[in-house]
Amino acid sequence: MSNALKLELGRRYRFSASHRLHSAHLSEEENCRVFGKCNNPHGHGHNYVVEVSMSGDVDPATGMIANLADLDTFVENQVLEEFDHKSLNEDVPAFRHKVPTTENLCIEIFQRLKTFPKAKLERIRVQETGNNSFEYAGDNLEGNCP
Amino acid sequence: MVLLTRKIEFAASHIYHNPNFSAEENRRIFGKCNNPHGHGHNYTLEVTVEGEPDPVTGMVLDLKELKEILEREVMQRMDHRHLNYEVAELAGQIPTCENIARVIWQLLEPKITRGRLHRVRLYESPDLFADCYRNGAGAAGKS
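Residues numbered from 1 in each chain as written. Chains lettered and ligands numbered in written order. Predicted model: local features only at pLDDT ≥ 70, side-chain atom pairs only at ≥ 80, totals over all residues. Heavy atoms only, no water.

J.: Before we go on, may I ask you to explain the overall build of chain A in this structure?
T.: For chain A, the count of helices and strands is 4 helices and 5 strands. When the elements of chain A are put in sequence order from the N terminus, they spell out β-α-β-α-β-α-α-β-β. The dimensions of chain A, computed from C-alpha atoms along their principal axes, are 60 × 30 × 25 Å. Taking as baseline every contact in chain A between residues at least 6 positions apart, the subset at least 24 positions apart corresponds to 66%. Here chain A displays about 7,500 Å² of accessible surface, and carbon together with sulfur accounts for 49% of that area. Separation between the mean location of the 16 positive side-chain charges and that of the 22 negative ones in chain A comes to 2 Å. (Helix = DSSP H or I, 4+ residues; strand = E, 2+ residues; numbered from the N terminus. Contact = heavy atoms within 4.5 Å. Areas by Shrake-Rupley, 256 points an atom, 1.4 Å probe, with all protein chains shown as cover. Lys, Arg positive; Asp, Glu negative; His and termini not counted. Charge placed at Lys NZ, Arg CZ, Asp CG, Glu CD.)

So this is what it looks like as structure tokens:
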């Protein structure tokens, strides 16, 4: 690979989950004011889209930064299996005491995927609906690209 | 600095096969992409150019000019072609998203003389794509 260029592989995954935005540090009124409908007591759900960006050298023998089957299996095991068709608040220990906003979801998914052994995780973008999305790049200064 | 992006679509076929691998290795590494008669995709290409708008025209570069460059360099070369056998720049390479994106960068970069090529993003499907950047382009230069 020419060192003048940087290649990234982008892959999108989908899962559906419910959540409720509620903070134990806020009063009932404050929760209602801050989170609005998202504070409704029994939660609600979204079809989330997770965009994973990985960088690395392109192996001349395979033409790949990472084998998609390896990446798919890793994401399935680290994220999708635990998140899909679950309640983020009830079923994911990380959100027992942390509000499962999509900001926090991005960070949680980044932490889970940064140990992928075959490429470097550049950033995670999570789309909560077609109209809003969130990105997290950890300490990667180059992560904030369009 | 302003970024402008033009999108085009083309359809092409390809196969992933490395003659240095055994049949079993090819099958294991490339899976369905190794099926002997190839297969195809509708590719979506997004080309992003960076630059300052010209004070007279208000343009980084004329979109018509970019459209013509994409037609000449990409569409005529790749649309309704077999990427392994009909695109000389990909000869001897596995035509993955990563390699095609890099070849497209190399084709376009010298042709874009107003503004500067910023990013090539090639989608093989809505869920799989590759980005090609100039190495070391920092966050400020990318956003």
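J.: Explain the overall build of chain B to me, please; I cannot follow it from the model alone.
T.: A tally of helices and strands in chain B yields 5 helices and 5 strands. Listed N to C, the secondary structure of chain B is β-α-β-α-β-α-α-β-β-α in terms of helices and strands. Each principal axis of the C-alpha distribution contributes one length, and for chain B these read about 60 × 30 × 25 Å. For chain B, the share of sequence-separated contacts (at least 6 apart) that also reach a separation of at least 24 residues comes to 67%. For chain B, the exposed surface amounts to about 7,100 Å²; the carbon and sulfur share of it is 50%. When the 18 positive and 20 negative side-chain charges of chain B are each reduced to one mean point, those points stand 1 Å apart.

J.: Looking at this model, I keep getting lost on helix 1 (residues 23-30) of chain B. Mind explaining?
T.: One full turn of an α-helix is made of 3.6 residues, so residues set three or four places apart face in the same direction. Residues and elements named next belong to chain B. Buried within helix 1 are the following residues: Asn-26, Ile-29 and Phe-30. Buried residues in helix 1, looked at end-on, bunch into an arc of 80°, giving them a common side. Opposite its buried face, helix 1 presents the exposed residues Glu-24 and Arg-28, each directed more than 90 degrees away. Gly-31 sits one or two positions beyond helix 1 and adopts a positive phi of about 60°. (Buried < 20%, exposed > 50% of the residue type's maximum accessible area, 1.4 Å probe, protein only. Arc of directions from axis to C-beta.)

J.: Mind showing me how you'd approach the interface of chain A and chain B here?
T.: Where interface size is quoted, it is often the accessible area lost as the parts come together. Contact with chain A, which involves 28 residues of that partner, is made by 34 residues of chain B. Both sides of the chain A and chain B interface together cover about 2,600 Å² of buried area, and 52% of this is carbon and sulfur. Our count for the chain A to chain B interface comes out at 1 salt bridge. Across the salt bridge formed by A:Arg14 and B:Asp127, the nearest N and O atoms sit 2.8 Å from each other. In this assembly, chain A and chain B are joined by 12 residue pairs in polar contact (both at pLDDT 80 or more). Residues belonging to the side of chain A that touches chain B are distributed by class as follows: 14 nonpolar, 7 polar and 7 charged. (Buried area = accessible area lost by both parts, 1.4 Å probe. Salt bridge = Lys/Arg side-chain N within 4 Å of Asp/Glu carboxyl O. Polar contact = N/O pair within 3.5 Å; in protein donor to acceptor, adjacent residues only side chain to side chain. Nonpolar A, V, L, I, M, F, W, Y, C, P; charged D, E, K, R; others polar.)

J.: What exactly am I supposed to notice about the environment of B:Gly58 here?
T.: Residue and element names in this part refer to chain B. Topologically, Gly-58 is positioned in the loop between strand 2 (39-51) and helix 2 (63-78). In this structure Gly-58 comes out as exposed when scored by relative accessible area, which is 54%. Here the alpha-carbon distance between Gly-58 and Cys-97, two residues 39 residues apart in the chain, equals 34 Å.

J.: Can you walk me through the state of the cysteines in this structure?
T.: Working definition: the covalent bond between the sulfur atoms of two cysteines is a disulfide. Counted according to the given criterion, the structure contains 0 disulfides over all chains. No disulfide involves A:Cys32; its sulfur sits 11 Å from the nearest other cysteine sulfur, which is in A:Cys38. B:Cys33 takes part in no disulfide bond, and the closest cysteine sulfur, belonging to B:Cys97, lies 10 Å away. Overall, the relative accessible area of 23% leaves B:Cys33 in the partly exposed class. (Disulfide = S-S within 2.5 Å.)

J.: Help me understand the packing of helix 2 (residues 68-83) of chain A against helix 4 (residues 102-113) of chain A, please; the structure alone is not making it clear to me.
T.: A packed helix pair is summarised by two numbers, namely the angle formed by the two axes and the spacing between the axes. Residues and elements named next belong to chain A. Look at helix 2 against helix 4: their axes get within 9 Å of each other, and the N-to-C directions meet at 145°. Considering the relative orientation of helix 2 and helix 4, their crossing is right-handed. Residues Phe-74, Val-75, Gln-78, Val-79, Glu-82 and Phe-83 of helix 2 form the contact with helix 4, whose participating residues are Leu-105, Glu-108, Ile-109, Arg-112 and Leu-113. Grouping the constituent residues of the contact of helix 2 with helix 4 by class yields 7 nonpolar, 1 polar and 3 charged. (Axes fitted to C-alpha atoms, helices over the stretch in contact; angles between N-to-C directions. Left-handed = near helix turned anticlockwise from the far one by under 90°.)

J.: Got a minute to help me understand the nonpolar core in this structure?
T.: A general feature of soluble globular proteins is that nonpolar side chains tend to end up buried together. One finds A:Ile109, A:Ile124, B:Met78 and B:Leu108 to be the most contacted residues of the largest nonpolar core, which totals 66 residues. With 8 residues, the single largest contributor to this core is helix 4 (residues 97-108) of chain B. Aside from chain neighbours lying at most four places away, what touches B:Leu108 is B:Val47, B:Ile69, B:Leu70, B:Glu73, B:Val74, B:Leu117 and B:Val120. Within the second largest apolar cluster, 6 residues are counted, among which are B:Tyr16, B:Phe21, B:Phe30 and B:Ile94. (Core = buried A, V, L, I, M, F, W, Y, C linked by side-chain atoms within 4.5 Å.)

J.: Sorry, what's going on with the packing of helix 2 of chain B against helix 4 of chain B here?
T.: All names here are of chain B. Between helix 2 and helix 4, the shortest axis-to-axis distance is 10 Å and the interhelical angle comes to 140°. Classified by the angle between their axes, helix 2 and helix 4 sit oblique to one another. When you trace helix 2 past helix 4, the crossing you get is right-handed. Counted together, Ile-69, Leu-70, Glu-73, Val-74, Arg-77 and Met-78 of helix 2 and Ile-100, Val-103, Ile-104, Leu-107 and Leu-108 of helix 4 form the full contact between these two elements. Of the residues belonging to the contact of helix 2 with helix 4, the class tally is 9 nonpolar, no polar and 2 charged. (Parallel < 35°, antiparallel > 145°, perpendicular 65-115°, else oblique.)

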